[in-house]
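Architecture and fold: a report
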Amino acid sequence: MYKLYWAQESGAMAPQALLEEIGAEYEKIVVDFKKEEHKSEEFLSVNPMGQIPALVLPDGTLMTETAAMLVQIADRHPEAKLAPVAGSAERARFFRWLFFLASTVYPTIRRFYYSERHSTDPSAAEGIKASAAKDLDDQFGIIDDTLDPGPHLLGETYSAVDIMLWMLVQWHPDPTRLSEKAPRVVKAAELVHARPAIVRTWQEHAED
């Protein structure tokens, strides 16, 4: 059984949704950020960065980094066909967009919401936030272009990378602006959002 270190509205959304899609058994280990459990010695021994998610594979192997988890889970369950075959051209496209989302879009969203962490000058926070908002327009615009014709990032094939995109769309600071700047991105996320496994996952993360 998988063990997923979990917090509401965190990066655990994507691996949880993928586990739900596959129908894999997993245990949620809730980390309460309000109680600062992510700073506890116990959790830091799991992930020294103090970040959610962390994942323990059925064989006891510990993983951090959301994108890496998605690849590993999908590869462990090839019957679900949620990642292309290793070495294929589709796999290259899968990696391109998964790592673009993880290394470019995800940090930009964090820079928007936590702008004060990106400078030692408190007065710089608003400028950092404005810069992040512009970068998000550009980054989602790039994704929007590749979704023509879509409907998924791999064309007709739904995969784990679409789950990652869906998660990041939920965190966009201005949904109306995203709809204007990247309508195909919004449509792609809506298709994912309608899937039963994603509905189950979202209900847990969105509930008060």
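In what follows, the accompanying structure is described. (Residues numbered from 1 in each chain as written. Predicted model: local features only at pLDDT ≥ 70, side-chain atom pairs only at ≥ 80, totals over all residues. Heavy atoms only, no water.)

1. Observations concerning the nonpolar core
- Core analysis: the biggest nonpolar cluster contains 64 residues, and L18, L101, V105, F140, I143, L165 and M167 have the highest contact counts within it.
- Breaking this core down by element, the ones donating at least two residues are β1 (2-6), α1 (13-22), β3 (54-56), α3 (66-76), α4 (89-113), α5 (125-146), α6 (160-170) and α8 (183-193).
- Top element by residues in this core is α6. It accounts for 9 residues.
- With residues near it in sequence (within four places) discarded, I143 still touches W97, F100, L101, V105, L153, L165 and V185. (Core = buried A, V, L, I, M, F, W, Y, C linked by side-chain atoms within 4.5 Å. Buried < 20%, exposed > 50% of the residue type's maximum accessible area, 1.4 Å probe, protein only. Helix = DSSP H or I, 4+ residues; strand = E, 2+ residues; numbered from the N terminus. Contact = heavy atoms within 4.5 Å.)

2. Quick look at α1
- Of all 10 residues making up α1, 9 are buried, and the element is well covered by its neighbours.
- Those residues of α1 that fall on the buried side of the exposure criterion are M13, A14, P15, Q16, A17, L18, L19, E20 and I22.
- Where α1 is buried, its residues touch β1, β2 (26-30), α3, α6 and α9 (196-206).
- Among the residues trailing α1, G23 stands out with phi positive, at a value near 85 degrees.

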